[in-house]
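What the coordinates show
As a plain string of letters, each chain reads:
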Amino acid sequence: MLTFRRALVVAAVILTCFLLLRNSHGTQPVSPNVHNSPKPTGTFTENKAIQDTPAQQAAHTAPSKPVSSTLKWNQDDGGRVALAKTPVQQIPLSDLQAQPLRKQLSYSFPYDSEGKFPAYIWQTWKHTPASGDFEEAFRQPEASWSELHPGFVHEVVTDSVALHLIRHFYASIPEVAEAYEALPEVVMKADFFRYLILLARGGIYTDIDTTALKSAVEWVPPEVPRSTYGLVIGIEADPDRPDWHEWYSRRIQFCQWTIQSKPGHPVLVDIVASITEETLRRKRVGELGAKHMKSVMEFTGPAIWTDTIFRFFNNPEYFDMSTSKGNITYKHFTGITHAKKVGDVVVLPITSFSPGVGQMGAGEEDDPMAFVKHAFEGTWKPENERHIGEQT
C-alpha cells in the first residue's frame, strides 16, 4: 500500500533523476535555430561566440583552437572604415510617407549589420517544383540548394505569388508595387524581385538555373566574423582586354544571379529606390515602351547593380573618408582569387559564382573557391543581353 510518506519518497527520487538527466544533456551543443544564419566551420560553441560578439570586439575574438580552412581572404579594404550606427527615431506613418523614398525604405526595413543572415533561399520561376510543368532541366539544380542547406526555408516563387509578396511587404510604400507592375518585361520584374525580397527579408537569392556546389556556410572564411558583414556578392565578369566594352557593360561586373544579404542593407535600399523612381518617372511621361527603354542590363540587371555597389563603396554617408586611400574602383577587384571585404561587403572572385566559364581567370568546378554554378539559361533575354559564355 502506497502511504503518503512513501509517495513523498518516490516523488523525490523521480525529481532527482529528472534533474540529473537534464544536467547531463545540458552540456551538449544545442542545435541552432533554423532561422539563424549559416555558421562557419568549427564547433557550435566557437561559432556562437563569434556571432554573439559585438562587431567592435569580434575582430579580436579567436576560437579556442585553430579552425582549418582552405579559404583565404584579402584584407586590403581600400581604407574604408564604417561610420558608427545612429539610433533610429520613431516617425509617425503620416510623416514617413512625406519622406524621400530612400528614407522610407530604410525606416521600413532597418539594417542591423551585427545581426544574423536569415536562413532563406529565394528563387523565382513560372512554375514551382511541385508542378508537372516545372522543367526537368531545373530539378537537380533547384534540389541542390535544399540538399546543401537542410535547415533553410527554400521557396520557389511564381510570378503571381511574387506580386502578392511585394504588395504585402511594401504595403506602406505602394509606389514600389506600382513600379514592379509597370515594368514592361518579365526579366525586369525578375531582376527587381530579387532586390525587393532581399531588402525585406534577407537570405540568399539565386536564379533557378544555378547549382549549389558548396553550402553558404563555406562561402566566407570562418576567421571573418559574420557580425562584420551584411552582403556577399560575386564577380560575373573581369574582362582584361582592350575591347571589353563590346562584350560587357562594365570593366568589373558584379553578378546578381546569386546574392546573400541581411535585410535592409543600404545597397538594396539604393537600388530599389533607383529602379522605382526611374520606372515611375518613365511611366508618367509615357516612356516605358521598348523604343524608350535602356537595355535590361542597364535598367535592372548587372550594370545598375554594379554601379550601385560602387556608389556605396564611395559614399561618405557610410564610411569615414578621412582614412580613404582614394575611390574604390574596378582596380581593387580585377584579378582577385580570394574573398575581399570592403566595409560590410564581401566580394568573392569570379571562380566562386562563375566556375568553368573558361575565361577571365575563372577556375573549374572542382576549385576550392567554386561555390555556385550558373547554367546561363536566360533564353528569355534578347540575344545581346545574354552572358557571353565561351566567346573570346
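Because the structure is predicted, anything quoted here is derived from the model rather than measured.

**Comments concerning the environment of V157**
Here V157 lies in strand β3 (residues 153-157). Separated by 34 residues in sequence, V157 and Q123 have C-alpha atoms that sit 6.0 Å apart. Apart from the residues within four sequence positions on either side, V157 is in contact with W122, Q123, T124, W125, A162, L165 and F193.

**Focus: the side chain of K341**
Position of K341 relative to the elements: it lies in strand β9 (residues 339-342). Overall, the relative accessible area of 17% leaves K341 in the buried class. Of note is the side chain of K341, whose polar atom sits 3.5 Å from the backbone oxygen of T228. A distance of 2.9 Å separates the side chain of K341 from the backbone oxygen of G343, its partner in a polar contact.

**Overview of the packing of aromatic side chains**
Scanning the entire structure with this criterion turns up 16 aromatic pairs. Their ring planes at 20° and their centres at 5.4 Å tell us that Y195 and W305 sit as a pair that is stacked. Separated by 110 residues along the polypeptide, Y195 in helix α9 (residues 186-201) and W305 in helix α12 (residues 302-313) bring together distant segments of the chain. Classification of Y195 as buried rests on a relative accessible area of 0%. Here W305 falls in the buried class, since its relative accessible area comes to 0%. Relative to F313, the ring of F312 has its centre 6.4 Å away and its plane inclined at 50°; by these criteria the two rings are tilted.

**Considerations on helix α10 (residues 266-285)**
The terminal C-alpha atoms of α10, which comprises 20 residues, lie 29 Å apart, in line with the 28 Å expected from a rise of 1.5 Å per residue. Of all the 20 residues making up α10, 14 are buried; the element is thus mostly covered by neighbouring parts of the structure. Immediately downstream of α10, the backbone of G286 shows phi near 70°, a positive value.

**What to know about helix α8 (residues 174-182)**
If you check which residues of α8 are buried, you get V176, A177, A179, Y180 and A182. Along its buried surface, α8 packs onto α5 (101-108), α7 (159-169), α9 and α10.

**Re the side chain of Q104**
The topology assignment puts Q104 in helix α5. Taking the relative accessible area as the measure of exposure, Q104 reaches 4% and is therefore buried. Excluding residues within four positions of it along the chain, Q104 makes contact with L96, Q97, Q99, S172, I173 and E175.

**Remarks on the nonpolar core**
Counting residues in hydrophobic clusters, the biggest one holds 65 residues, and the most contacted among them are L105, Y170, F192, F254, W305, F313 and F333. No other element matches α9, which puts 10 residues into this core. Aside from chain neighbours lying at most four places away, what touches W305 is Y195, L231, I233, F254, C255, Q256, I259, V267, L268 and I271. Residues A216, W219, A339 and V346 belong to the second largest nonpolar core, which totals 22 residues.

**Regarding the pairing of strand β2 (residues 120-124)**
Counting buried residues along β2, four of its five residues qualify, which places the element largely inside the surrounding structure. Bridge count between β2 and β3: five bridges; the pairing is parallel. Each residue of the ladder has a partner; that of I121, found in β3, is H154. Crossover handedness for the path β2 to helix α6 (residues 139-148) to β3: right-handed. Sheet topology places β2 next to strand β4 (residues 203-206); two bridges connect them, and they run parallel. From the neighbouring strand, I121 faces β4, where its bridge partner is I204.

**Looking at the confidence of the model for the protein chain**
Mean pLDDT over the protein chain stands at 80; residues scoring 70 or higher make up 72%. Taken together, the stretch residues 16-70 has pLDDT below 50 and engages in 67 contacts with residues farther than four places along the chain or on a different chain. Ignoring residues within four places in sequence, the model shows residues 379-392, a span with pLDDT below 50, making 25 contacts including any to other chains.

**Notes on the pattern of salt bridges**
The tally for this structure, following the rule as stated, stands at 17 salt bridges. Between R251 and D240 there is a salt bridge, and its shortest N-O distance comes to 3.6 Å. You can see R251 sitting in the loop between β6 (231-237) and β7 (253-254) and its partner D240 sitting in the loop between β6 and β7, a full 11 residues away along the chain. Assessed through its relative accessible area of 12%, R251 is described here as buried. Residue R282 pairs with E278 through a salt bridge whose shortest N-O separation is 2.8 Å. With R282 and E278 both in helix α10, this residue pair falls four residues apart, about one helical turn.

Rules used throughout
- Residues numbered from 1 in each chain as written.
- Predicted model: local features only at pLDDT ≥ 70, side-chain atom pairs only at ≥ 80, totals over all residues.
- Heavy atoms only, no water.
- Helix = DSSP H or I, 4+ residues; strand = E, 2+ residues; numbered from the N terminus.
- Contact = heavy atoms within 4.5 Å.
- Buried < 20%, exposed > 50% of the residue type's maximum accessible area, 1.4 Å probe, protein only.
- Polar contact = N/O pair within 3.5 Å; in protein donor to acceptor, adjacent residues only side chain to side chain.
- Phe/Tyr/Trp six-rings, centres within 6.5 Å; stacked < 30°, edge-to-face > 60°.
- Expected span 1.5 Å × (residues − 1).
- Core = buried A, V, L, I, M, F, W, Y, C linked by side-chain atoms within 4.5 Å.
- Pairing = 2+ DSSP bridges.
- Right-handed = clockwise from strand over helix to strand, strands pointing away.
- pLDDT = per-residue confidence, 0-100.
- Salt bridge = Lys/Arg side-chain N within 4 Å of Asp/Glu carboxyl O.

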